[in-house]
Amino acid sequence: MKKQLFIYATLCLVLSGMNNSTAQNTESFPFVLPKEKPNMPLSASMERNYSYIAPRPEDNELFSQFKYTMLKGFDYNNHDGTISRRDPSKVIFENGKYYIWYTKRHTPTPPQGAAKSSSTIPSSDWDLSEIWYATSKDGFTWKEEGVAVPRPPKPNVGWRSVSTTDILKWKNKYYLYYQGFMEASGKRGDDCPVAVSYSDSPDGPWTPANKIVIPNGEKGAWDQYSIHDPYPIVYKDKIYLYYKSDFDGDPRLVRMQGLAIADNPLGPFKKHPLNPVITSGHETTLFPYKSGIAALVIKDGNEHNTIQFAEDGVNFKIAAITELMPKAGGPFIPDVFENTKDGRGITWGISHLTNYTNWSQNHSILLRFDCDLSQDIHDPIMKRHQVPYKPEVYFSQGLNADQRKRIKEETRKLKKE
Ligand code: AAL
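Residues numbered from 1 in each chain as written. Predicted model: local features only at pLDDT ≥ 70, side-chain atom pairs only at ≥ 80, totals over all residues. Heavy atoms only, no water.

## Some remarks on the overall build of the chain
Counting its secondary structure elements, the chain contains 4 helices and 21 strands. Overall size of the chain, expressed as C-alpha extent along the three principal axes, is 110 × 70 × 45 Å. Taken over 417 residues, the chain has a buried fraction of 49%. Distance from the positive charge centre (52 side chains) to the negative charge centre (48 side chains) of the chain: 4 Å. (Helix = DSSP H or I, 4+ residues; strand = E, 2+ residues; numbered from the N terminus. Buried < 20%, exposed > 50% of the residue type's maximum accessible area, 1.4 Å probe, protein only. Lys, Arg positive; Asp, Glu negative; His and termini not counted. Charge placed at Lys NZ, Arg CZ, Asp CG, Glu CD.)

## Thoughts on the sheet that holds strand β12 (residues 238–248)
Spatially, β11-β12-β13-β14 is the arrangement adopted by the 4 strands of the open sheet, whose pairing is antiparallel. Sheet topology places β11 (228–235) and β14 (270–271) at the edges, where each strand pairs with a single neighbour. Of the pairings in the sheet, the one linking strand β13 (residues 253–262) to β14 comprises 2 bridges and is antiparallel in character. Within β14, the position partnered with A260 by the bridge is K271. (Pairing = 2+ DSSP bridges.)

## Focus on the site of the ligand
The ligand sits among R86, D87, W126, T164, Q179, D190, H228, D229, K244, H282 and E283. Contact distances for the ligand include 3.0 Å between an oxygen atom and a side-chain N or O atom of Q179. With respect to the ligand, the side chain of H282 contributes an N or O atom lying 3.3 Å from an oxygen atom. Per-class residue counts for the shell around the ligand are 1 nonpolar, 4 polar and 6 charged. (Near = heavy atom within 4 Å. Polar contact = N/O pair within 3.5 Å; in protein donor to acceptor, adjacent residues only side chain to side chain. Nonpolar A, V, L, I, M, F, W, Y, C, P; charged D, E, K, R; others polar.)

## As for the packing of aromatic side chains
Considering all chains together, one arrives at 19 aromatic pairs under this definition. Ring centres of W222 and Y243 lie 5.9 Å apart, and the angle between their planes is 25°; this geometry places the pair in the stacked category. Taken as a pair, W222 in the loop between β10 (207–214) and β11 and Y243 in strand β12 lie far apart in primary sequence, 21 residues in all. Y243 shares its class with W222; the two are buried. Feature note: the residues F93, Y98, F332 and W348 constitute an aromatic cluster, connected by ring pairs. (Phe/Tyr/Trp six-rings, centres within 6.5 Å; stacked < 30°, edge-to-face > 60°.)

## What to know about unusual backbone geometry
With an omega of 0°, the peptide bond between G204 and P205 qualifies as cis. Mapping P205 onto the fold places it in the loop between β9 (194–199) and β10. Geometrically, the link from G267 to P268 is a cis peptide bond, its omega value of 5° lying close to zero. Mapping P268 onto the fold places it in the loop between β13 and β14. Within the chain, N355 stands out as a residue other than glycine whose phi angle is a positive 45°. Locating N355 in the fold gives a position in the loop between β20 (343–353) and β21 (365–374).

## A few points about the pattern of salt bridges
Under the defined criterion, the tally for this structure stands at 25 salt bridges. Between D166 and K90 there is a salt bridge whose closest N-O contact spans 2.6 Å. Remark: K90 occurs in the loop between β2 (83–86) and β3 (92–94) and D166 occurs in strand β7 (residues 161–170); sequence separation between them is 76 residues. Just as D166 is buried, K90 falls in that class too. Ionic pairing is found between D200 and K173, a salt bridge with its closest N-O pair at 2.9 Å. (Salt bridge = Lys/Arg side-chain N within 4 Å of Asp/Glu carboxyl O.)

## Notes on the pairing of β9
Most of β9 sits out of view: 5 of its 6 residues are buried. Where strand β8 (residues 173–181) and β9 come together, 6 bridges link them in antiparallel fashion. The residue of β9 that forms the bridge with Y175 is Y198. Relative to β10, β9 runs antiparallel, the two being bridged by 4 bridges. Counted as the bridge partner of S197 is P208 from β10.

## Considering the sheet that holds β7
Pairing between the strands of a sheet is mediated by backbone hydrogen bonds and can be parallel or antiparallel. Spatial strand order, β7-β8-β9-β10: 4 strands in an open sheet with antiparallel pairing. In this open sheet, the two edge strands, each paired with only one partner strand, are β7 and β10. Averaged over all neighbouring strand pairs, the angle between strand axes comes to 30°, with direction disregarded. Sheet analysis places β7 next to β8, joined by 8 bridges and oriented antiparallel. (Axes fitted to C-alpha atoms, helices over the stretch in contact; angles between N-to-C directions.)

## Description of the side chain of N275
Along the chain, N275 falls in the loop between β14 and β15 (285–290). Residue classification places N275 among the buried positions, given a relative accessible area of 15%. Of the polar contacts made by the side chain of N275, one reaches the backbone nitrogen of L259; its length is 2.9 Å. Ignoring anything within four residues of it in the chain, the contact list for N275 reads W222, Y243, G258 and L259. (Contact = heavy atoms within 4.5 Å.)

## Section: the environment of D370
Here D370 shows up in strand β21. Its relative accessible area of 16% is what places D370 among the buried residues. C-alpha separation for the pair D370 and I346, spaced 24 residues apart in sequence, amounts to 8.7 Å. Non-local contacts of D370, meaning those with residues more than four positions away in its chain, are made with Q65, F66, K67, T347, W348 and M382. A distance of 2.7 Å separates the side chain of D370 from the side chain of R368, its partner in a polar contact.

Okay, structure coming up:
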């Protein structure tokens, strides 16, 4: 009997110890963040955290902060709004120097809106513009070389304005794609198709194809009015030309990204059946990354302020969330025309700042951005999580009179209750 009692007591001790240890070992999420997804029940957010390249941003090659530098070499008439440079192309390196192309507006007045526009007075910051180019030995100081694509004579596409260009190098020839306006932007909307000019040299002379190469969509289609921000990449042996369209407009425009693919730089381009392929963004920057395409998705849409990635160049997913992203970034992408299957990524480029001073002098400037979205460098400073905004940045985003009135009314109602 004693033996049985001893065995029972021992068993109880062991079981209670086990219970305690089980209680102690109820599996909490570990203190050290696992590098791989742990085999345990996870929340939706934690599941999502393991869908990124790495569970921590500093180890995520498609996460980066951005640093900015003022460029030297461009004059803006004391920022009076009569000279504007914006929407730069990608940067390329040829003949021992860097090249960029961009929208240049040089008009007697700053933009005055569609109603007040004329043959000399611009409606918008990119109205009555031409495509100019500049070169640089170091990417910081630039020499403005002159006009690359002037406005062609009526009725050719772009006679009103040519703007928002990007560069393609294909079989040793160069192609500039750009928005070709046939009326002042803002008359109905920011309406235009895309045209193209070509040259044997990045220094020109450029021959306009004098035809629409990316047409507006059919009536009622999402891209029926505007084909903006043409952005060609050589991918899967073809030309993948990404673009943006503004649509809906109830009350604010929706902006999304489309894709058109061609075997020949002068077309025909076939729009992808899954368009829009990115549901957010504006002036979207893209680059080959590993076997897919990455995108800097800024400004508009549910997924603005994200860096996205598509294994197939079509189906984009959020790869990182960041801030203070380059606007209209034209990166230097050494392998962008190499049809690469291992895109190395980017570390710098040229972007723009619009409405640089105030609306009465509405004009834009070009600046340089730097980042670490590259397989070939690891810059911990670019991988910091927060941008330390000065207090004045917060206080510059103050309440307006209507908001203060609403708040005052809410407090008044509380006091009456
Ligand atoms: C830019 C681009 C296109 C638009 C206008 C000039 O940011 O999206 O080029 O037409 O704004």
